[in-house]
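Structural overview
Residue-level listing of the chains:
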Amino acid sequence: ELKVEQNPLFLSMQEGKNYTIYCNYSTTSDRLYWYRQDPGKSLESLFVLLSNGAVKQEGRLMASLDTKARLSTLHITAAVHDLSATYFCAVVPFVGETSGSRLTFGEGTQLTVNP
Amino acid sequence: GAVVSQHPSRVICKSGTSVKIECRSLDFQATTMFWYRQFPKQSLMLMATSNEGSKATYEQGVEKDKFLINHASLTLSTLTVTSAHPEDSSFYICSALRDPGTEAFFGQGTRLTVV
């Protein structure tokens, strides 16, 4: 059974600071997603990481994927209050020789950025 | 971009009644649709996977007679919560997949409250 673990689960940080959220998963995969969820809302897609060593950046967020270590990181640079939300990683495992379609989500990281 | 529309966004129903939630892919044909459930402060849990024209595949522990899924066309899947009880109150989210191995797109979610 695929397990996806995020840490930390709760993160309170000051504006202007940097921090990293980690996502570990337990089986072979070449597709990992990062999503943002605001309270009462659905998921907003942030990044799709498709290969080992993939790095993507959008604004103050940067995501990377190390398939050998089965680890993805979401790095926050110079945090601002608007980044306060819950962040989920989700993994699609290989099914046989090919990539499947089912997403397994991490527990989520609730980020609060304080002024 | 791909748009998935979920309706209604909020519904309140009396205990013992049934509620239907619709998930539509507006600008693409979805080979597969997924239904998730999310309790407050928790992650998304996959309930079932549905393919057009065939029976849904339910995850372990999900009652198929209680959560009826119909995927009658390539653009519409419905989830009916039958004989709803207060413990069924949750946030239900669908996602739709255009092709296997590609990114799924999420609907806006439905907040179900059973009173």
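Everything in this summary refers to the structure shown in the same document.

1. A few points about the interface of chain A and chain B
The partner chain B presents 23 residues to the 19 residues of chain A that form the contact. With both sides pooled, the region where chain A packs onto chain B buries about 1,400 Å², and carbon together with sulfur makes up 51% of that total. Looking only at chain A, the three residues that lose the most surface to chain B are Ser42(A), Ser101(A) and Arg102(A), adding up to 33% of its buried area. In this assembly, chain A and chain B are joined by 1 salt bridge. Joining chain A to chain B, the criterion identifies 6 residue pairs in polar contact (both at pLDDT 80 or more). Looking at the side of chain A that touches chain B, the elements that each hand over two or more residues are β4 (29–37) and β5 (43–49) of chain A. For the side of chain A that touches chain B, the leading source of residues is β4(A), giving 4 residues. Looking at the side of chain A that touches chain B residue by residue, the class counts come to 7 nonpolar, 8 polar and 4 charged.

2. As for the state of the cysteines
Residues and elements named next belong to chain A. Tallying each qualifying case throughout the model produces 2 disulfides over all chains. Cys-23 shares a disulfide with Cys-89; S-S distance 2.1 Å. Handedness of the Cys-23-Cys-89 disulfide follows from its S-S torsion of about 80°: it is right-handed. Of this pair, Cys-23 sits in strand β3 (residues 19–25) while Cys-89 sits in strand β9 (residues 85–95); the two residues are 66 residues apart in sequence, bridging distant segments of the chain.

3. Brief notes about unusual backbone geometry
A cis amide bond links Asn7(A) to the next residue, Pro8(A), at an omega of 0°. For Pro8(A), the location among the structural elements is in the loop between β1 (4–7) and β2 (10–14). Note that the residue after His7(B), namely Pro8(B), is joined by a cis bond; omega there is 0°. On the secondary structure map, Pro8(B) appears in the loop between β1 (4–7) and β2 (10–13). The phi torsion at Lys41(B) lies on the positive side, around 65°, for a residue other than glycine. Within the element layout of this structure, Lys41(B) appears in the loop between β4 (32–38) and β5 (44–51).

4. Notes on the pattern of salt bridges
Enumeration according to the criterion identifies 4 salt bridges over all chains in this entry. Between Asp38(A) and Arg36(A) there is a salt bridge, with its nearest N and O atoms 3.0 Å apart. For Asp38(A), a relative accessible area of 26% corresponds to the partly exposed category. Between Glu59(B) and Arg102(A) there is a salt bridge; the shortest N-O distance is 2.6 Å. Of this pair, Glu59(B) sits in the loop between β6 (57–58) and β7 (67–73) while Arg102(A) sits in the loop between β10 (98–99) and β11 (104–105), each in a different chain.

Rules behind the numbers
- Residues numbered from 1 in each chain as written.
- Chains lettered and ligands numbered in written order.
- Predicted model: local features only at pLDDT ≥ 70, side-chain atom pairs only at ≥ 80, totals over all residues.
- Heavy atoms only, no water.
- Contact = heavy atoms within 4.5 Å.
- Buried area = accessible area lost by both parts, 1.4 Å probe.
- Salt bridge = Lys/Arg side-chain N within 4 Å of Asp/Glu carboxyl O.
- Polar contact = N/O pair within 3.5 Å; in protein donor to acceptor, adjacent residues only side chain to side chain.
- Helix = DSSP H or I, 4+ residues; strand = E, 2+ residues; numbered from the N terminus.
- Nonpolar A, V, L, I, M, F, W, Y, C, P; charged D, E, K, R; others polar.
- Disulfide = S-S within 2.5 Å.
- Buried < 20%, exposed > 50% of the residue type's maximum accessible area, 1.4 Å probe, protein only.

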